[in-house]
Amino acid sequence: METADNKQVEILNDLIQINNDRIAGYEKAIDGLEDEGNQDLKRLFRHLVNNSVDYNETLEKQIGLLDGEPALGTSGAGKLYRAWMDFKALITGGDRAAILESCITGEETAIRAYEEAITDEELASDLQHVLNGQLAELQQSYQEITALRKVLE
């Protein structure tokens, strides 16, 4: 029988895997961009990697409070959310527009995962508050990437 704490740990671990996917996706994007003329995107993507690292540290602390074990790896093994795997496959050729379009798709997936997690009835209100803060930052990143993509149209 699954307890509420186990369910909460599962939800938080799925988000850790999403963030691990996000980290890997943005690192792949950084590697896919040529240095010349792309320092702005590289800085942004490094910032977003750091955000996901911070999110995971917070999620891992919450899991520890629930006496759970934090997930390792990406969502390839996750059962609820599959996010950035398609993104990582799409990064090719260093094309700014294509990379930004893939980032938009990845961010939309991460946002949906957070929204689904937050609305889970078994998630405690203090965890919902933590996730809402991270979701707000994800939404802000999404808006920034979308604006950059529109400039290239």
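> Now, about the overall build of the protein: what can you tell me, with residues and values included?
Secondary structure assignment for the protein yields five helices and zero strands. Reading the helices (α) and strands (β) of the protein from amino to carboxyl end gives α-α-α-α-α. A burial count over the protein gives 48% of its 153 residues as buried.

> How would you explain unusual backbone geometry if you had to name every residue and give the values?
The residue Asp-67 is not glycine, and still its phi comes out positive at about 60°. Under the relative-accessibility criterion, Asp-67 is labelled exposed at 72%.

> An account of the packing of helix 2 (residues 39-65) against helix 5 (residues 125-151) is requested, with residue identities and associated values reported.
The interhelical angle for the contact between helix 2 and helix 5, taken along N-to-C directions, is 170°, at an axis separation of 11 Å. Judged by the angle between their axes, helix 2 and helix 5 are roughly antiparallel. Contact with helix 2, carried on its side by Leu-41, Leu-44, Leu-48, Asn-51, Tyr-55, Thr-58, Leu-59 and Gln-62, involves Asp-126, Leu-127, Val-130, Leu-131, Gln-134, Glu-137, Leu-138, Ser-141, Glu-144, Ile-145 and Leu-148 of helix 5 and no other residues of that element. Of the residues in the contact of helix 2 with helix 5, the class split is eleven nonpolar, five polar and three charged.

> Report on the pattern of salt bridges, specifying residues and quantitative values.
One pass over the structure, following the stated rule, counts five salt bridges. A salt bridge links Arg-96 to Asp-40; the shortest N-O distance between them is 2.9 Å. Remark: Asp-40 occurs in helix 2 and Arg-96 occurs in helix 4 (residues 96-118); sequence separation between them is 56 residues. Judged by relative accessible area, Arg-96 falls into the partly exposed class, the value being 21%. For Asp-40, a relative accessible area of 34% gives the class partly exposed. The residue Glu-101 makes a salt bridge to Arg-149 at a minimum N-O spacing of 3.1 Å. You can see Glu-101 sitting in helix 4 and its partner Arg-149 sitting in helix 5, a full 48 residues away along the chain.

> Tell me about the side chain of Lys-42, residues and numbers included.
Position of Lys-42 relative to the elements: it lies in helix 2. Here the side chain of Lys-42 touches Leu-33 through a polar contact of 3.3 Å, landing on its backbone oxygen. Engagement of the side chain of Lys-42 in a polar contact is seen with the side chain of Asp-35, the distance being 2.6 Å. Residue contacts for Lys-42: discarding those within four places in its chain leaves Ile-30, Leu-33, Glu-34 and Asp-35.

> Talk me through helix 5; I want residue IDs and the actual numbers.
Counted at 1.5 Å a residue, the expected span for helix 5 with its 27 residues is 39 Å, and the 39 Å between its end C-alpha atoms agrees. Of all the residues in helix 5, the buried ones are Leu-127, Leu-131, Gln-134, Leu-135, Leu-138, Ser-141, Ile-145, Thr-146 and Arg-149.

> Go over the packing of helix 4 against helix 5 with me, naming the residues and quoting the values.
With their axes 9 Å apart at the nearest point, helix 4 and helix 5 run at an angle of 160° to one another. With respect to their mutual orientation, helix 4 and helix 5 come out roughly antiparallel. Once helix 4 is placed against helix 5, the crossing between them reads as left-handed. When grouped by side-chain class, the residues that make up the contact of helix 4 with helix 5 number 15 nonpolar, six polar and five charged.

> Give me the lowdown on the confidence of the model for the protein, citing residues and values where you can.
Confidence in the prediction of the protein, expressed as mean pLDDT, is 85, and 84% of residues score 70 or more. Segment residues 77-85 is flagged for pLDDT under 50; beyond a separation of four residues in sequence, or across chains, it makes 32 contacts in the model.

About the cut-offs
Per chain, residues are indexed from 1 in the order of the written sequence. Owing to the predicted nature of the model, reporting of local features is limited to residues with pLDDT of at least 70; listing and counting of side-chain atom pairs is limited to 80 or more, with chain, interface and lining totals taken over all residues. Only hydrogens and water are removed before side-chain values are computed, so all heavy atoms of the structure are retained for them. Helix and strand definitions follow DSSP, with helices as H or I runs of at least four residues and strands as E runs of at least two, each counted in order from the N terminus. Per-residue accessibility, obtained with a 1.4 Å probe over protein chains only, is compared with the maximum for each type, and a residue is labelled buried under 20%, exposed over 50%, and partly exposed between these values. A fitted line through C-alpha atoms serves as each axis, taken over the contacting stretch for helices, and the angle formed by two N-to-C directions is quoted from 0 to 180°. Reported orientations rely on four angle classes, namely roughly parallel under 35 degrees, roughly antiparallel over 145, roughly perpendicular from 65 to 115, and oblique for the rest. Any two residues whose heavy atoms approach within 4.5 Å at even a single point are treated as in contact. Gly falls in the polar group here, along with every residue not listed as nonpolar (Ala, Val, Leu, Ile, Met, Phe, Trp, Tyr, Cys, Pro) or charged (Asp, Glu, Lys, Arg). Salt bridges, as used here, are contacts in which a Lys or Arg side-chain nitrogen is within 4 Å of a carboxyl oxygen on Asp or Glu. Two N or O atoms form a polar contact when they lie within 3.5 Å of each other; inside protein one atom must be a possible hydrogen donor and the other a possible acceptor, and for residues adjacent in sequence the pair counts only when both atoms belong to side chains. By definition here, a helix of n residues has an expected span of 1.5 Å times n minus one. Note on convention: the crossing is left-handed when the near helix lies turned anticlockwise from the far helix by less than a right angle, right-handed when the turn is clockwise. As a per-residue measure, pLDDT reflects the predictor's confidence and takes values from 0 up to 100.

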